[in-house]
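Here's the letter readout for the chains.
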Amino acid sequence: MKIEIDLHTHTLASSHAYSTLYENLQEAKAKGLKGIAVTNHGPDMEDSPHFWHFNCIGAIPKSAYGITILKGIEANIINKNGEIDARPPFVKKLDFVIASYHPPVYASGTVKELEEAYLNALENPYVKIIGHLDRGPFEINYERVINKAKEKKIAVELNRHSLSLSEQYRGRVIKIAEICNRLKVPVTINSDAHFCSSVGDVGIVFDLLEETNFDETLILNSDINKTLEFLDVKE
Ligand SMILES: [Zn+2]
Ligand SMILES: [Zn+2]
């Protein structure tokens, strides 16, 4: 089992990532992927591209070198009301939004506040994927957040990069996968690549899912057509 499209990758436009879109596309091709999404950080993060990056994103073609390219953003949840920094007018130019929590943008004071922030962010109609739910200073009530994602038809991300960051995140990713499996919530397995060689490199997430008897039909991005349909993107 593998993914056909990696829905979370960064490029040089976020200054803490180190490869170009061209390099990411070449890597995707070499690994046999059919598509990637370019999802740089929303403009409220210090290292983000200027909002023109998103405003002019139509300059990127729908495909290049045989790889489908989706134009996205990894938006920051900026407060407990769940507001995100993917805003009009540019948000309308994107194929989809990942909403993620990054403490440098919003340092949530309590578990309750962080949970509320996620629940409120899931009300945003542009949000299609909740990013690395495992990260953050505390463990929240994942079941409550994932239930809401199910209700709003939002997919939950299982993030490869989290597994490299800490053992604690690894434990949380397993917990989140088990809840998604039990509640039958679609997931996307993404690299969150910050360098081209990481694009599509999600094998260790699949290894981890094997341990949990995960229902593979819930993995959206193992099928590009299923993914495009879910995100409502026309080719
Ligand atoms: Zn992130
Ligand atoms: Zn990211």
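All of these numbers come straight from a predicted model, not from anything done at the bench.

Draft legend 1. Summary view of the environment of lysine 175. Relative to the assigned elements, lysine 175 resides in helix α6 (residues 167-183). Between the C-alpha atom of lysine 175 and that of lysine 31, which follows or precedes it by 144 residues, the distance is 29 Å. The contacts of lysine 175, once residues within four sequence positions are left out, are Glu139 and Tyr142. Among the polar contacts made by the side chain of lysine 175, one reaches the side chain of glutamate 139 at a distance of 2.5 Å.

Draft legend 2. Highlighting the coordination of the zinc ion (ligand 1). Around the zinc ion (ligand 1), the protein contributes the donor atoms Glu74 (OE), His102 (NE2) and His132 (NE2), which lie 2.1 to 2.2 Å from the metal centre. Sequence spacing of the donor residues for the zinc ion (ligand 1), all on one chain, is E-x27-H-x29-H.

Draft legend 3. Quick peek at the pattern of salt bridges. Inspection of the entire model under this criterion finds 14 salt bridges. The salt bridge involving glutamate 27 is made with lysine 31; its shortest N-O contact spans 2.7 Å. Owing to a relative accessible area of 28%, lysine 31 belongs among the partly exposed residues under this scheme. One salt bridge in this structure joins arginine 182 and glutamate 143, with 3.0 Å as the shortest N-O distance. In this pair, arginine 182 sits in helix α6 while glutamate 143 sits in helix α4 (residues 142-151), placing the two residues 39 residues apart along the sequence.

Draft legend 4. Just the coordination of the zinc ion (ligand 2), in detail. At this site the zinc ion (ligand 2) is bound by His8 (NE2), His10 (NE2), Glu74 (OE) and Asp192 (OD), with donor distances of 2.0 to 2.3 Å. Each donor residue of the zinc ion (ligand 2) lies on the same chain, and together they follow the pattern H-x1-H-x63-E-x117-D. Classification of glutamate 74 as buried rests on a relative accessible area of 1%.

The rules behind the values
- Along each chain, numbering runs from 1 in the same order as the chain's sequence is written.
- Chain labels run from A onward and ligand labels from 1 onward, assigned in the order the entries are written.
- Given that the model is predicted, a residue must reach a pLDDT of at least 70 before its local features are reported, and side-chain atom pairs must reach 80 or more before they are shown or counted; all residues, however, enter totals for whole chains, interfaces and linings.
- Side-chain metrics in this entry use all non-hydrogen atoms of the structure; hydrogen atoms and water are not considered.
- Comment: elements are numbered from the N terminus, with helices defined as DSSP H or I runs of at least four residues and strands as E runs of at least two.
- Residue contacts are defined here by distance: any two heavy atoms, one from each residue, within 4.5 Å place the two residues in contact.
- In protein, a polar contact requires one atom able to donate a hydrogen and another able to accept it; more generally it is a pair of N or O atoms within 3.5 Å, and residues adjacent in sequence count only if both atoms are side-chain atoms.
- Note on donors: an N, O or S atom is included if it sits within 2.8 Å of the metal, or within 3.2 Å for Na, K and Ca, and water is never included, so sites can look incomplete.
- In what follows, salt bridge is the name for a side-chain nitrogen of Lys or Arg lying within 4 Å of a carboxyl oxygen of Asp or Glu.
- Throughout, exposure labels follow a simple rule: accessible area from a 1.4 Å probe, protein chains only, divided by the maximum for the residue type, with under 20% read as buried, over 50% as exposed, and the rest as partly exposed.

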